[in-house]
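Here are the chains, one letter per residue:
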Amino acid sequence: MVTRFLPRFLSNIRKPFNAFDQTSYKKKMSSANGEPKPAKRPTPLTIGTHNGTFHCDEVVACFLLKQLPEYENAEIFRSRDEKALREKCDIIVDVGGVFDHEKKWYDHHQLTFKETFSTVLPELVDEFDIRLSSAGLIYCFYGERVIQCILQRERNMQLSAKNIKLAFLQIYRNFISELDAIDNGVPMFEVGEPRYKISTHLSARISKLNPSWQETDVDSEQRFHTAMTVAGKEFVDNVLEVACTWIAARDYVRQALEQAKSVHASGQILLLERFCPWKVHLNDLEKEYGVEGVPKLVIFNEGANWRVAGVPVTPSSFLGRKFLPTPWRGLRDEQLCQKAGTNDLIFVHHTGFIGGAKTKEAALAMAQKSIEFVDENTA
């Protein structure tokens, strides 16, 4: 009798076991045994650009994107097949015939494209009227984040919101705008041809990395990645120079401008305890503080000695707002000290744009006497 009912008993035992969710069971068992659950690997994003001859603008655009966490491990798909690009890529640069920030399509070759840095970001500045390339487009929309990512990685530092804006503008001014202009064929001169050609700029060097007409057995994709490395290093160096040196100099000049009236009641003398590039910063900060044209002389330390320099009319001008007095010009040492009525002076340049002193006190005296000196012949 037991034998007769055994098959039915075994059948009832098997039914709940066969109906059991074995996948769920295995997950629970592996968890109970201390085995880690397999992590789901995210699929890397894909950056799309055109194949064939590459240019500096899309090389730099791709490099910029790969500095961001979301694109750090992105693959680069190079093709001119628009259907394949749109199906495969998460972002497309320099190809496709469309600029659409929402869709992450960043081409600039279509006739309808008229964007410049200042039209994309009118709230920041109105001085940049060069048509954007793909490098400029990507920089406009992602540049601030790119800069912060590079600084975090390279120096473990972050800029304040104010300084990141300054760095963002300066890097466009002295790096990206050149790429935009060259890629769009914008001439450096409105009239006439330049007397010589510069062939060592970044765009030219990137162009030379393309396979020559005689190279038939070359991996063009590898060359593209080599170009990204070359351009990327130069961009990173520029970011570090601006963020770690240029911004620091600006803050230093700002402090000197704010303290100018403690040096001389007129506010016409700035004192820098150590030298830094000051001309461009002073020119900009004067506008910010509403004291355009007020500073006349800048004192700074240079090694063991001190210098007194005239503030030029513009940062690149040889003309000064007020140079050192005419009677002092071209004199040195004791002769100069007697003429100026101050000890420890070294020289005054024959044009009067700069003078030297042995001590800070002597430099201060030289500057103060110069400000108060009435000289009709001052340049």
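Residues numbered from 1 in each chain as written. Predicted model: local features only at pLDDT ≥ 70, side-chain atom pairs only at ≥ 80, totals over all residues. Heavy atoms only, no water.

## A look at the nonpolar core
Then, number 1: Within the largest apolar cluster, 59 residues are counted, with the highest numbers of intra-cluster contacts made by Leu65, Phe117, Ile138, Tyr139 and Phe235.
Then, number 2: Looking at this core, the elements that each hand over two or more residues are helix H3 (56-65), strand S3 (91-93), helix H5 (117-120), helix H6 (134-155), helix H7 (161-183), helix H8 (202-207) and helix H9 (220-258).
Then, number 3: The leading source of residues in this core is H9, at 12 residues.
Then, number 4: Excluding residues that lie within four positions of it along the chain, Leu65 makes contacts with Ile47, Tyr71, Ile91, Val93, Ile138 and Tyr142.
Then, number 5: By size, the runner-up hydrophobic cluster in this structure holds 20 residues, among which are Ile269, Trp306, Cys337 and Ala362. (Core = buried A, V, L, I, M, F, W, Y, C linked by side-chain atoms within 4.5 Å. Buried < 20%, exposed > 50% of the residue type's maximum accessible area, 1.4 Å probe, protein only. Helix = DSSP H or I, 4+ residues; strand = E, 2+ residues; numbered from the N terminus. Contact = heavy atoms within 4.5 Å.)

## Things to note about the confidence of the model for the protein chain
Then, number 1: Residues at a pLDDT of 70 or more form 88% of the protein chain, whose mean pLDDT is 89.
Then, number 2: Ignoring residues within four places in sequence, the model shows residues 1-35, a span with pLDDT below 50, making three contacts including any to other chains. (pLDDT = per-residue confidence, 0-100.)

## Overview of the environment of Arg254
Then, number 1: Mapped onto the elements, Arg254 comes out in helix H9.
Then, number 2: In the structure, Arg254 is positioned 27 residues away from His281 in sequence and 8.0 Å away in space, judged by C-alpha atoms.
Then, number 3: Beyond its immediate chain neighbours, meaning those up to four positions away, Arg254 contacts Lys162, Leu285, Glu288 and Tyr289.

## Re the sheet that holds strand S10 (residues 354-357)
Then, number 1: The strand order S6-S7-S8-S10-S9 describes an open sheet built from five strands, whose pairing is mixed. Each having just a single partner strand, strand S6 (269-272) and strand S9 (345-348) make up the two edges of the open sheet. Each strand of the sheet is rotated relative to its neighbour by a mean of 20°, with strand direction disregarded.
Then, number 2: Strand direction decides the pairing type here: strand S7 (residues 297-302) and strand S8 (residues 305-310), joined by six bridges, are antiparallel. Paired with Asn301 across the bridge in S8 is Trp306.
Then, number 3: Relative to the sheet, helix H13 (residues 360-372) contacts S6, S7, S8, S9 and S10, its axis offset from that of S7 by approximately 165°. (Pairing = 2+ DSSP bridges. Axes fitted to C-alpha atoms, helices over the stretch in contact; angles between N-to-C directions.)

## A word on the packing of aromatic side chains
Then, number 1: Following the criterion strictly, the structure yields 17 aromatic pairs and no others.
Then, number 2: Aromatic rings pair up to connect Phe63, Phe117, Phe128, Tyr139, Phe168, Tyr172, Phe175 and Phe235 into one cluster.
Then, number 3: Its guanidinium or amino end placed over the ring of Trp105, Arg86 lies 4.1 Å from that ring's centre, counting from NZ or CZ.
Then, number 4: In this arrangement the basic side chain of Lys279 is found over the ring face of Trp278, its NZ or CZ atom lying 5.9 Å from the centre. (Phe/Tyr/Trp six-rings, centres within 6.5 Å; stacked < 30°, edge-to-face > 60°. Lys NZ or Arg CZ within 6 Å of the ring centre and 35° of its normal.)

## Description of the sheet that holds strand S4 (residues 99-100)
Then, number 1: With respect to topology, five strands assemble into an open sheet ordered S2-S1-S3-S5-S4, the strand pairing being mixed. The open sheet has two free edges, formed respectively by strand S2 (75-78) and S4, since each of these has just one partner strand.
Then, number 2: Pairing analysis gives two bridges linking S4 to strand S5 (residues 105-106), with the strands arranged antiparallel. Paired with Phe99 across the bridge in S5 is Tyr106.

## Examining the side chain of Asn163
Then, number 1: Relative to the helices and strands, Asn163 resides in helix H7.
Then, number 2: Those residues in contact with Asn163 that sit more than four places away from it in its chain are Ile247 and Asp251.

## Notes on unusual backbone geometry
Then, number 1: Here Asp333, not a glycine, exhibits a phi torsion of approximately 50°, which is positive.
Then, number 2: With respect to the helices and strands, Asp333 occurs in helix H12 (residues 333-340).
Then, number 3: At Asp344, a residue that is not glycine, the phi angle is positive and equals roughly 65°.
Then, number 4: As for its placement among the helices and strands, Asp344 is situated in the loop between H12 and S9.

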